[in-house]
Every structure is written in structure tokens, then in C-alpha cells.
Amino acid sequence: VWHFQMVHHDLWDYDLPSPPALVMLDRNGESVPAVVQSTKMGYLFVFHRETGEPLFPVEERPVPGTDVPGEAVSPTQPIPVLPRPLAPQGLGPDDAWGLTPLDRAACREKIASMRHDGVYAPPSTRGTVAYPGFVGGMEWGGVAHDPATGLLVTNTNRLAMASTLIPRDNAPTAASA
């Protein structure tokens, strides 16, 4: 029996979106029993099914800290080196788009006014951009594996969202707005 924590101190609703897929992987000519877990962050974690050892490296990488007094965040998160993320790992002002230059400028200004420092940017009182968002990278559909080709198929969601923490003293006012 083994386990692996894919998100430390989850502030983003990054619970696992679907059951893992049990597959057989060819590793150096050997058939290896594996488990593949998709995530809302757009990552795929691949483990040896019997031992829990990562079949691709997973690194504990530093992530942004909080700017909210009294909040605690994990200083690192586990990030698989391979396979590459299947969804963008953040959305910044230069990624803004719009039907017209005015729309794009308004979007760029809105994103710039909020935290936008990646998939693990913690919620804040000024607002935080969440991208690929709380409903994806990968979501409820999970993954499918074709053992004949080794191909893994999944859907991805890319829906930018914003979260804003409201201080307790401002909550009644914010609720009526």
C-alpha cells in the first residue's frame, strides 16, 4: 500500500478530478504496471502501480508565497518533470485577448491588477487569476489509454477564473453588493 500527496495545503480546489487509470507501460523493453493520475493543474503523475515510485521524476519546486496576513501556504509543490503539462501553467497580462484592441487592453489591465504568478498563485484580497482554472487542466472525464499504441488520451479545460478573498470585516458589505 502506498500514497502520494499531489497538492500540499490545497488552497485552490485542486482535488483530484477523476479516478486514476491503470495501464501497462513499456519501459526499456519491460512491461511495467502503472497508475496514471490526471490533475486540475494540467499535470499527469505516473507511478509504478505496485511500489508507488514515480516512473517519471517528480520535483518539489518552490511556489509563490501568500500576501495575506496569517495565511500559511506550502513553500513547495510536487511537479512532474515528464510528461509536460497538458495545460498552460498560468495567465499573465501578455496573454490577454479580446475582440477589439480596447477589449484586449481592458483584459490586460484586469489581469495586471491581480496576482497572476502561475498555477499555484495563492488566493489574495486583490484577486488572483486561476488558470487553467478550478475546472481543469483535466477534469471528470479522466484519461483513456490505448495499449496497442501506448497513446494516452484526455480532454483539457482552459477556463480562466478569479478568486478574491474578502476580509471578515468587509464580508457583510461584499455579500450585499
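As shown above, the structure is provided for reference.
Heads up: these notes are all about the structure in this document.

Reading the values: rules and limits
Residues numbered from 1 in each chain as written. Predicted model: local features only at pLDDT ≥ 70, side-chain atom pairs only at ≥ 80, totals over all residues. Heavy atoms only, no water. Phe/Tyr/Trp six-rings, centres within 6.5 Å; stacked < 30°, edge-to-face > 60°. Buried < 20%, exposed > 50% of the residue type's maximum accessible area, 1.4 Å probe, protein only. Lys NZ or Arg CZ within 6 Å of the ring centre and 35° of its normal. Pairing = 2+ DSSP bridges. Helix = DSSP H or I, 4+ residues; strand = E, 2+ residues; numbered from the N terminus. Axes fitted to C-alpha atoms, helices over the stretch in contact; angles between N-to-C directions. Core = buried A, V, L, I, M, F, W, Y, C linked by side-chain atoms within 4.5 Å. Contact = heavy atoms within 4.5 Å. Salt bridge = Lys/Arg side-chain N within 4 Å of Asp/Glu carboxyl O.

### Topic: the packing of aromatic side chains
Under the criterion given, the structure shown has 8 aromatic pairs. Seen from their ring centres, Tyr43 and Phe45 are 6.4 Å apart, and the 80 degrees between their planes marks the pair as edge-to-face. When sorted by exposure, Tyr43 lands in the same class as Phe45, which is buried. Aromatic side chains Phe45 and Phe47 sit 6.1 Å apart centroid to centroid with 5 degrees between the ring planes, which places their arrangement in the stacked category. For the residue pair Phe45 and Phe47, the accessibility class agrees, reading buried in each case. Three or more aromatic residues joined by ring pairs make a cluster, and in this case those are Trp2, Phe4, Tyr43, Phe45 and Phe47. In this structure, Arg27 is placed above the aromatic ring of Phe56, and the distance from its NZ or CZ to the ring centre is 4.9 Å.

### Quick notes on the sheet that holds strand β1 (residues 21-27)
Spatially, the 3 strands line up as an open sheet ordered β1-β2-β3, and their pairing is antiparallel. Looking along the sheet, the strands with just one partner apiece sit at the ends: β1 and β3 (44-48). Each strand axis lies, on average, 40 degrees off the axis of its neighbour in the sheet, ignoring direction. Across 5 bridges, strand β2 (residues 30-38) lies against β3 in antiparallel orientation. Within the sheet, the bridge partner assigned to Gln37 lies in β3 and is Phe45.

### Some thoughts on unusual backbone geometry
Excluding glycine, residues mostly carry a negative phi; peptide bonds, for their part, are mostly trans. The linkage connecting Leu82 with the following residue, Pro83, adopts the cis geometry, with an omega of -15 degrees. Following the sequence through the fold, Pro83 ends up in the loop between β5 (76-80) and α1 (101-113). Following Tyr131, the chain continues to Pro132 via a peptide bond in cis, the omega torsion being 25 degrees. Its location among the elements puts Pro132 in the loop between β6 (128-130) and β7 (143-146). Unlike most non-glycine residues, Asn28 shows phi in positive territory, near 55 degrees. Relative to the helices and strands, Asn28 is located in the loop between β1 and β2. When its relative accessible area of 83% is taken as the criterion, Asn28 is described as exposed.

### Overview of the nonpolar core
Counting residues in hydrophobic clusters, the biggest one holds 15 residues, and the most contacted among them are Val7, Trp12, Tyr14, Met41, Tyr43, Val119 and Tyr120. Excluding anything up to four places from it in sequence, Tyr120 contacts Met6, Val7, Trp12, Tyr14, Met41, Tyr43, Val63, Pro64, Gln77, Pro78 and Ile79. Counting 11 residues, the second-largest nonpolar core is a separate cluster that includes Leu25, Val32, Met138 and Val143.

### Comments concerning the pairing of strand β8 (residues 151-154)
Every regular strand shows the same layout, with side chains that alternate between the two sheet faces. Strand direction decides the pairing type here: β7 and β8, joined by 4 bridges, are antiparallel. Paired with Val143 across the two strands is Thr154, which belongs to β8. Between β7 and β8, which pair antiparallel in sequence order, lie 4 residues; one of them, Gly150, sits at a positive phi of approximately 80 degrees.

### Focus: the pattern of salt bridges
Counting across every chain of the model gives 6 salt bridges. Asp15 is the partner of Lys40 in a salt bridge, and the nearest nitrogen-oxygen pair spans 2.8 Å. Separated by 25 residues along the polypeptide, Lys40 in the loop between β2 and β3 and Asp15 in the segment before β1 bring together distant segments of the chain. The class for Lys40 is buried, based on a relative accessible area of 5%. The exposure class assigned to Asp15 is partly exposed, which follows from its relative accessible area of 39%. Among the ionic pairs, Asp67 bridges to Arg115, the shortest N-O distance being 3.9 Å. On the criterion of sequence distance, the pair formed by Asp67 in the loop between β4 (58-62) and β5 and Arg115 in the loop between α1 and β6 is long-range, its members being 48 residues apart. The partly exposed category is assigned to Asp67, whose relative accessible area is 40%. For Arg115, a relative accessible area of 7% translates into the label buried. One salt-bridge network, held together by shared partners, links Asp67, Arg115, Asp117 and Arg126.

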